[in-house]
Amino acid sequence: MASGTALIYDEEMTTHKLLWSDPICDIEVPERLSSSYEQLRSYHLVERCVHVPAREGSEEEILLVHSLEHLEVAKSTQTMNEEELKRVSENYDAFFFHPSTYRCARLAVGATLQLVDAVMSGKVRNGMALVRPPGHHSQRNAANGFCLFNNVAIAAEYAKLKYGLQRILIVDWDVHHGQGTQYIFEEDPSVLYFSWHRYEHQEFWPSLKESDYDAVGLGKGKGFNINLPWNKVGMGNSDYLAAFFHVLLPTAFEFDPELVIVSSGYDSGIGDPEGQMNATPEVFAHLTHFLMQLANGKLCVILEGGYHLKSLGESVCMTVKTLLGDPVPQVSGEMAPCLSAVESIQNVRAAHKPYWKWLAYEDTSFLQNLSTKSHFLKTANSNPSTEHESKITNNNDTVKVDRFLELHMKNILFPVPPIKTATTGCEGSEHFLSEHVQLVKEMDKTEVEALVSGFYADLVKDNKTLLSLGSMFVILDKILKKEVCNGIATSPTAALSAAVALRHSVRLGFQRVLCVFVGDMQMIPNTEDGKMLIINICEKEQSGKTSCKHYFSLNWKEDAEGNDFFSAVLGFILPVAYSYQPNLTVIAVGPNRNLGISGISLLVALIQGLAESRIFAVIEDTEISLMQNVAKLLVGASTPAFGIYVPPTQEKVNRIKALRDQFQQEWKMLQCSGDIFI
Ligand SMILES: CC(O)(O)NCCCCN
Ligand SMILES: [Zn+2]
């Protein structure tokens, strides 16, 4: 299992700069790179990364994507004077040449390819390349939007050629549409390109019709180009997370990429003059965490845009911290996507219904009765939550943004806990014991009995249960004190242990405890006070207990062939969990679980983004291999193998949709279709 995070940075890429006045291009300054690198150093993140040197991309590598003519024009600029440079630059939309531009652009390509090699060779698990000039607007025969060579597109072609890859996912979270990348891979089904971008109904640059949600790819490439246009500014954390839950992640898991490359622009972050969005730096930790679960963790993050230096730097640090495996910080803000975002999400899902199995049963009837659509737009616009109030008057007030970010980031960059996982030394745990794992001593019986007293005392009969409860209390205590990030224990009766753990956690002061229980839960605590939210994934409805705001019984029978649990995790569990914003997550697996190990692994891997990655797992002691899998995930020693992807049956899709329709007003992250306002 590869480990380690590469960081690629070469100061020489700061020599490219604007020599004349140009209000469009003057935001793409060398300090974007140097201040991001300084920010990484100030958070002691540089020293934790594996340093990989940049190199010049060769002409042959550049010709994987660009025409010879384009290469020759770029090369010829090295010896030009300012007048000539200005003239050549005017041939392009929003690009400027400097005598060192060609050299810097080749370093940007080379740095990107160095990162691909480091990841594909297993020298590191993932990594980030801080490069400029950026790449995603540049096209076969043209520079565009500050981009000369398309670093990420060249990387994808290079990886296909050198490593024989057949499925590469490019995620472009820059706030501008990477039309260059779209054109390059439009007919190529081996490269899935996803981009969200400020669009405002084609008002915003580059103002292309083909940036809208109905540009799905051409010929064999149909379905492999996904555009999610933002038709309003001020999009925030909840909109971005909803886009991942309801569009990108279900598609990405079905596509099952062998490598993930991010066109990582941070102009989609708060304070950026271009994006005018509201998303705060920690959201990039969540987005990165989700993508780390794909392609066995092989993730290459390549810098694109980002023009507010403080916002850019903080977002870069959040990204690298997550790549290193640090706990994911709590995401801030109201977890409710705005109407415009939900409408865009609904449109993209409808446009891609013909191409993806997970969308086979998507309800697109809203397309027919468009009058209703315009109707709900009218009514909806009267609805307060259709617009996010901006945290900052306007993003152009840089000092105000700096001040906001100073305060905002204070309580987010918590120190990394010394120990990642505490365990009771469950059977077979010796093989993954490393400096990340801490064995906890058993608690003595009288103490345990005192803690269990009252509600469950009579249930605790044998010694074994007492001892397992004892170590559970010790683990929960360590998690609360942030001595460890997470913990795992086995139990002869996981149902009892989970119930005791929930009560104990609330008593310890965790005010919102999320419990995901796999198997029959037997005893269900009272969730009236909202201090717990229970999702019970069981084979049959628990006797008489119907779902309500804080208790869900999700009937799911594992599919024999493979793992069909993606739609439940992505379409229901994560949206509810993110809406609830727990400060502790308890994962419990009882007897006769109805989910495969890969389904449970998917759940554990993705849910680590919540509660600052504070998870307590309690597993029936008969489930040795499951325990080992979950323990390795909690330690961060592996990314889950999700087994064979199986699309959800219509019956299962309908079950999720019914729960969503019933609870999307309570838990707004469930919203993914605009009919919420009719
Ligand atoms: C890399 C990038 O997407 O941030 N470039 C934006 C160019 C904007 C031109 N008006
Ligand atoms: Zn951009």
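Residues numbered from 1 in each chain as written. Chains lettered and ligands numbered in written order. Predicted model: local features only at pLDDT ≥ 70, side-chain atom pairs only at ≥ 80, totals over all residues. Heavy atoms only, no water.

### So, the site of ligand 1
Then step 1. Of all residues adjacent to ligand 1, which total 14 residues, the nearest are His 136, His 137, Gly 145, Asp 267 and Tyr 307.
Then step 2. Asp 267 places a side-chain nitrogen or oxygen 2.9 Å from an oxygen atom of ligand 1.
Then step 3. Taken by itself ligand 1 offers 330 Å² of open surface, and the protein chains cover 97% of this.
Then step 4. By residue class, the composition of the shell around ligand 1 is six nonpolar, five polar and three charged. (Near = heavy atom within 4 Å. Polar contact = N/O pair within 3.5 Å; in protein donor to acceptor, adjacent residues only side chain to side chain. Areas by Shrake-Rupley, 256 points an atom, 1.4 Å probe, with all protein chains shown as cover. Nonpolar A, V, L, I, M, F, W, Y, C, P; charged D, E, K, R; others polar.)

### Looking at the sheet that holds strand β10 (residues 437–439)
Then step 1. Taken in spatial order, the eight strands line up as β10-β9-β11-β16-β15-β12-β13-β14 in an open sheet, and their pairing is parallel. A strand with exactly one partner marks an edge of an open sheet, and here the two such strands are β10 and β14 (551–555). Strand-to-strand, the axes of this sheet are offset by a mean angle of 15 degrees, without reference to chain direction.
Then step 2. Direction of pairing for strand β9 (residues 419–423) relative to strand β11 (residues 484–491): parallel, over a ladder of four bridges. Considered in β11, the bridge of Ala 422 is made with Gly 487. (Pairing = 2+ DSSP bridges. Helix = DSSP H or I, 4+ residues; strand = E, 2+ residues; numbered from the N terminus. Axes fitted to C-alpha atoms, helices over the stretch in contact; angles between N-to-C directions.)

### Describing the coordination of the zinc ion (ligand 2)
Then step 1. All of the protein donors around the zinc ion (ligand 2) are Asp 174 (OD), Asp 174 (OD), His 176 (ND1) and Asp 267 (OD); their distances to the metal are 2.0 to 2.6 Å.
Then step 2. Here the zinc ion (ligand 2) is ringed by six donor atoms whose angles at the metal span 54 to 156 degrees, and the overall shape comes out irregular.
Then step 3. In terms of primary sequence, the donors binding the zinc ion (ligand 2) are separated according to D-x1-H-x90-D. One end of the pair, Asp 174, is in the loop between β4 (168–172) and α7 (179–185); the other, Asp 267, is in the loop between β7 (259–264) and α9 (283–291), with 93 residues separating them in the sequence. (Donors = N, O, S within 2.8 Å, 3.2 Å for Na, K, Ca; no water. Tetrahedral: all angles 85-135°; square planar, octahedral: opposite > 155°, others 65-115°.)

### Considerations on the environment of Val 29
Then step 1. Tracing the sequence through the fold places Val 29 in the loop between β1 (5–9) and α1 (31–42).
Then step 2. Linking Val 29 and Gln 438, residues 409 residues apart in sequence, is a C-alpha distance of 47 Å.

### Quick look at the packing of helix α5 (residues 101–120) against helix α6 (residues 151–163)
Angle between the axes and distance between the axes are the two parameters that describe a pair of packed helices.
Then step 1. Contact pair α5 / α6: the axes reach a minimum separation of 9 Å and the direction vectors enclose 40 degrees. Considered as vectors, α5 and α6 are oriented oblique to each other. You can see that α5 and α6 cross each other, and the crossing is right-handed. Across the interface between the two elements, Ala 105, Ala 108, Val 109, Thr 112, Leu 113, Val 116, Asp 117 and Met 120 of α5 pack against Asn 151, Ile 154, Ala 155, Tyr 158, Ala 159, Lys 162 and Tyr 163 of α6.
Then step 2. In terms of residue class, the contact of α5 with α6 is made up of 11 nonpolar, two polar and two charged. (Parallel < 35°, antiparallel > 145°, perpendicular 65-115°, else oblique. Left-handed = near helix turned anticlockwise from the far one by under 90°. Contact = heavy atoms within 4.5 Å.)

### A closer look at the packing of aromatic side chains
Then step 1. Going through the model one piece at a time under the given rule, you end up with 28 aromatic pairs.
Then step 2. Measuring from ring centre to ring centre gives 4.9 Å for Tyr 266 and Phe 284, while their planes differ by 80 degrees; the resulting arrangement is edge-to-face. A residue pair is termed long-range when its members are at least 10 positions apart, and Tyr 266 in the loop between β7 and α9 and Phe 284 in helix α9 qualify at 18 residues.
Then step 3. Phe 284 gets classed as buried once you look at its relative accessible area, which sits at 0%.
Then step 4. Taking the centre distance of 6.0 Å and the plane angle of 55 degrees together, the rings of Phe 290 and Tyr 578 count as tilted. Of the two residues, Phe 290 is situated in helix α9 and Tyr 578 in helix α18 (residues 566–580); the sequence distance between them amounts to 288 residues.
Then step 5. A residue is classified by how much of its surface remains accessible, and Tyr 578, at 0% relative accessible area, is buried.
Then step 6. One aromatic cluster is present, formed by Phe 194, Trp 196, Trp 230, Tyr 240, Phe 244, Phe 245, Phe 290 and Tyr 578 through successive ring pairs.
Then step 7. The positively charged end of Lys 549 is found above the aromatic ring belonging to Trp 667, 5.2 Å away from the centroid. (Phe/Tyr/Trp six-rings, centres within 6.5 Å; stacked < 30°, edge-to-face > 60°. Buried < 20%, exposed > 50% of the residue type's maximum accessible area, 1.4 Å probe, protein only. Lys NZ or Arg CZ within 6 Å of the ring centre and 35° of its normal.)

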